[in-house]
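Residue-level structural notes
Take a look at the letters that make up each chain.
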Protein chains: 2
Amino acid sequence: MTDPAWIAIAGGDTVSAAMSLLVVGSTAFDTIETPHGNAERCLGGSSTYFGLAARMFSPVRLVSVIGEDFPDEHKQLLSARGVCLDGLEVKAGKTFSWHGRYSADMNDRETIDVQLNTFGDFEPKVPAHYQDTPFVFLANGAPATQMSVVEQMAGPRFVVADTMDLWIDIAKDGLLTLLKQIDGIILNDSEVKQLTGESNLITAGKATLALGPKLVIVKKGEHGCVVFTNDFHYALPAYPTEDVVDPTGAGDSFAGGFMGYLAKCGDVTRATMQQAVAYGTVTASLNVEGFGVDRLAGADMATVEARLSELMDFVRGV
Amino acid sequence: MTDPAWIAIAGGDTVSAAMSLLVVGSTAFDTIETPHGNAERCLGGSSTYFGLAARMFSPVRLVSVIGEDFPDEHKQLLSARGVCLDGLEVKAGKTFSWHGRYSADMNDRETIDVQLNTFGDFEPKVPAHYQDTPFVFLANGAPATQMSVVEQMAGPRFVVADTMDLWIDIAKDGLLTLLKQIDGIILNDSEVKQLTGESNLITAGKATLALGPKLVIVKKGEHGCVVFTNDFHYALPAYPTEDVVDPTGAGDSFAGGFMGYLAKCGDVTRATMQQAVAYGTVTASLNVEGFGVDRLAGADMATVEARLSELMDFVRGV
């Protein structure tokens, strides 16, 4: 609690250390093609990447939906790593599946096939014993769906959402309403420009703050990220990854490291937020070095800490 | 002299404080169109941008060529600001002129017209009293021309070159030869990938080091830069500029701030190089806020120091 300006966001004195963290998002089968190889129907989805990243820092509660075809081994992988699946709804039908193909430099990807299946009419139900979770991440989804989660939560909380170009296109009003109800938003550089109509990233970041959230994080992939708040702006380069194998889930694992660290600290100050951004950065860099969730599932805090130290050397030039 | 590993580059004990700095490059008339307005036949050219940036830090010696149409007022602007013009050759004919137009987001530019004129067969002649200048910047030009400058220099020196995609395309052998004879190279991200055939920027930076130079600086525009040496790697975000009016000369003013600060210090250590990169960053950010050299010509060290402090706040998040 070194920075009083930020305490209000986390709910002040009612928030104490070692908090748990709720994620609401998709669970999926991903088929991924990159220049480095292919993976068929591997475990994917935003809640999965987020959960496997965040669980290294703090207990994670997951709200998502799957079909009857979802294998027990995937559930076991998650729960064995501290991801609580009490909020994982099983519905008649199939699990959401996605098939994507990355360009040669992996800066672009093409969606070959999407089957929304049971995720198509996802109505997240936050279990009663999850409703006071102090840290909440709303993974990419329709703003109205994200809002329904906010409305189910009780008590002070720190809520951060992800979004995408589709929702800015077709559900901007809903997104603007959501932005007034949550604490933070994570977007990429093209999304923040699209949302605000500003072509300069710094101007766009500031304009997003004016839409309501106290925290705006703009992800720039290999160029790192920029954090905007009303108190400070902060730029952090990316970890100098050379072996990008599969970029899938980079954004969700960034968010997982970021929110996981904040939940571990139990407070949101300038200092914890900056450290959290660094943890998000290294968690995402780990994730892209393996196919699907492989690298995240096998990682631990020792891996993360070693990489954080390398990132800090890169930023300090030592 | 806090970092012995770097002393050798600057010539060791023979280099002392408050050194002068030589730049060899073009002097031009620029006609510039940006979404913010136009400028007709204003003072331009790589040596001019570099000189007006570097002179804030250290005395600058300029080697370039102009035609008989070059007005005295431009010469006076330069010499009044500490740029020595003893190496500015006046040849029969006209001065190099360039006409460019920037895209709406200013990330691309189209060359409308180029008249090389007297710059077309530029054979730089380094005056005798310039030949022991300890810090040398070879602005963008044919590698053979850049090499001819290296051959005219005497004594220990720290030589850094710029280049562009054209020379990597049509004079790669000459560039590779040059890289073995100089200390540092400054390129942008697409150039470093083109030069090395590597699609990953970090891998490409390391591969460029293997071609000979002890220092590789990769400029990424609004995303900052990455410094590669055999001792350390260093990433610095860009200054958070919101008012980009004219990007012309950003690279040369970056190089001017970088080399100017090193010459001012008189040594090249890890610490002075990192500080120099920060000065290059803020000098470039100043430059792009005005048309042509306007902002650089009117700036002083107080302006630069204030901006450096803002950049450090952005990087530290305070």
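Reading the values: rules and limits
- Residues numbered from 1 in each chain as written.
- Chains lettered and ligands numbered in written order.
- Predicted model: local features only at pLDDT ≥ 70, side-chain atom pairs only at ≥ 80, totals over all residues.
- Heavy atoms only, no water.
- Contact = heavy atoms within 4.5 Å.
- Buried area = accessible area lost by both parts, 1.4 Å probe.
- Salt bridge = Lys/Arg side-chain N within 4 Å of Asp/Glu carboxyl O.
- Polar contact = N/O pair within 3.5 Å; in protein donor to acceptor, adjacent residues only side chain to side chain.
- Helix = DSSP H or I, 4+ residues; strand = E, 2+ residues; numbered from the N terminus.
- Nonpolar A, V, L, I, M, F, W, Y, C, P; charged D, E, K, R; others polar.
- Buried < 20%, exposed > 50% of the residue type's maximum accessible area, 1.4 Å probe, protein only.
- Pairing = 2+ DSSP bridges.
- Right-handed = clockwise from strand over helix to strand, strands pointing away.
- pLDDT = per-residue confidence, 0-100.
- Expected span 1.5 Å × (residues − 1).
- Arc of directions from axis to C-beta.
- Axes fitted to C-alpha atoms, helices over the stretch in contact; angles between N-to-C directions.
- Phe/Tyr/Trp six-rings, centres within 6.5 Å; stacked < 30°, edge-to-face > 60°.
- Lys NZ or Arg CZ within 6 Å of the ring centre and 35° of its normal.
- Least-squares fit on C-alpha atoms with pLDDT ≥ 70 in both.
- Left-handed = near helix turned anticlockwise from the far one by under 90°.

This part takes up the interface of chain B and chain A. Taken together, the 27 residues of chain B in the interface contact 27 residues of chain A. The contact between chain B and chain A buries some 2,200 Å² in all, and 50% of this surface belongs to carbon and sulfur atoms. When residues of chain B are sorted by the area they lose upon contact with chain A, B:His223, B:Glu242 and B:Phe314 head the list and together hold 26% of the total. In this assembly, chain B and chain A are joined by two salt bridges. Where B:Glu242 meets A:Lys206, a salt bridge forms, and the shortest distance between an N and an O atom there is 2.4 Å. Joining chain B to chain A, the criterion identifies 16 residue pairs in polar contact (both at pLDDT 80 or more). Within the residue set of the side of chain B that touches chain A, elements represented by two or more residues are α7 (189-196), α8 (201-209), β13 (233-236), α10 (270-287) and α12 (301-316) of chain B. Looking at side-chain class alone, the side of chain B that touches chain A contains eleven nonpolar, seven polar and nine charged residues.

The next point concerns the pairing of strand β8 (residues 135-138) of chain A. All names here are of chain A. Residues Phe135 and Phe137 point to one face of β8 and Val136 and Leu138 to the other, with burial holding for every one of them. As defined by bridge partners, β8 adjoins strand β9 (residues 158-162) across four bridges and the pair is classed as parallel. Paired with phenylalanine 137 across the strands is valine 160, a residue of β9. A crossover links β8 with its parallel partner β9, the connecting element being helix α4 (residues 143-152), and its sense is right-handed.

Attention now moves to the confidence of the model for chain A. Across chain A, pLDDT averages 93, with 94% of residues at or above 70. Predicted complex metrics record ipTM = 0.89 and pTM = 0.92.

This brings us to helix α12 (residues 301-316) of chain A. Residues and elements named next belong to chain A. Compared with the 22 Å implied by 1.5 Å per residue over 16 residues, the 22 Å span of α12 between its first and last C-alpha is a close match. Met301, Val304, Arg307, Leu308, Leu311, Met312, Phe314 and Val315 are the residues of α12 that are buried. Down the axis of α12, the sector holding all buried residues measures 155 degrees, keeping them to one side. Away from the buried face of α12 by more than 90 degrees, exposed residues Ala302 and Arg316 are located.

On to the sheet that holds strand β5 (residues 83-90) of chain B. An order of β5-β4-β1-β8-β9-β10-β11-β12-β13 (chain B) is seen for the nine strands of this open sheet, with the pairing classed as mixed. With partners counted over all chains shown, the strands left at the sheet margins are β5 and β13 of chain B, one partner each. The mean inter-strand angle of the sheet, taken between neighbouring strand axes irrespective of direction, is 15 degrees. Where strand β12 (residues 225-229) of chain B meets β13(B), four bridges bridge the pair, whose relative direction is antiparallel. Bridge pairing in β13(B) links B:Cys225 to B:Leu236. Sheet strands touched by α12(A): β12 and β13 of chain B. Its angle to β13(B), the strand with the most contacts, is close to 75 degrees. Here helix α3 (residues 72-79) of chain B sits on the sheet in contact with β4 (60-66) and β5 of chain B, set at roughly 145 degrees to β5(B).

Our next topic: the packing of aromatic side chains. Applying the stated criterion across every chain, the model contains 17 aromatic pairs over all chains. Between A:Phe254 and A:Phe258, the ring centres sit 6.5 Å apart and the planes meet at 5 degrees, which makes this aromatic pair stacked. Of this pair, A:Phe254 and A:Phe258 both sit in helix α9 (residues 250-265), separated by four residues, roughly a single helical turn. Assigned by exposure class, A:Phe254 and A:Phe258 land together as buried. Through a chain of ring-to-ring contacts, the aromatic side chains of A:Phe57, A:Tyr261 and A:Tyr279 assemble into a single cluster. Its guanidinium or amino end placed over the ring of B:Phe29, B:Arg41 lies 4.2 Å from that ring's centre, counting from NZ or CZ. One residue, B:Arg307, lies across the ring of B:Tyr239, its end atom 4.5 Å from the ring centre.

This brings us to the pattern of salt bridges. Once the charged atoms of two side chains with opposite charge are near each other, the side chains can pair. What the rule picks out here adds up to 18 salt bridges over all chains. Between A:Arg41 and A:Asp69 there is a salt bridge whose closest N-O contact spans 3.9 Å. Of this pair, A:Arg41 sits in strand β3 (residues 37-44) while A:Asp69 sits in the loop between β4 (60-66) and α3 (72-79); the two residues are 28 residues apart in sequence, bridging distant segments of the chain. Residues B:Glu289 and B:Arg295 are paired through a salt bridge, measuring 3.4 Å at the closest nitrogen-oxygen approach.

Here we come to the relation of the copies chain B and chain A. At an RMSD of 0.0 Å, chain B and chain A line up after a rotation of 180 degrees and a shift of 0.0 Å along the axis. The transformation just described matches what one would write down for a two-fold rotation axis. If distances are taken from each C-alpha of chain B to the rotation axis, the shortest is found for B:His223, at 3.0 Å. Take the interface residues of chain B: 100% of them recur as interface residues in chain A, which is what a same-surface contact looks like.

We now examine α12(B). If you check the start of α12(B), you find a side-chain oxygen 3.1 Å away from the backbone N of B:Ala302, and it comes from B:Asp300. Among the residues trailing α12(B), B:Gly317 stands out with phi positive, at a value near 75 degrees.

With that out of the way, let us pick up the sheet that holds strand β3 (residues 37-44) of chain B. Residues and elements named next belong to chain B. In space, the four strands of this open sheet follow the order β3-β2-β6-β7, with mixed pairing throughout. This sheet does not close on itself; its edge strands, each paired only once, are β3 and β7 (109-115). Geometrically, the sheet is characterised by an average inter-axis angle of 15 degrees between neighbouring strands, direction not taken into account. Pairing of strand β2 (residues 28-34) with β3, which is carried by six bridges, proceeds in the antiparallel orientation. Note on β3: the bridge partner recorded for alanine 28 is glycine 44.

Let us now look at the packing of α7(B) against α8(B). Residues and elements named next belong to chain B. Contact geometry of α7 with α8 gives a least axis separation of 9 Å together with a crossing angle of 60 degrees. Considering only the axes of α7 and α8, their crossing is left-handed. Residues Asp189, Val192, Lys193, Leu195 and Thr196 of α7 touch α8, and the partners they reach there are Leu201, Ala204, Gly205, Ala207 and Thr208. Its residues placed into classes, the contact of α7 with α8 shows five nonpolar, three polar and two charged.

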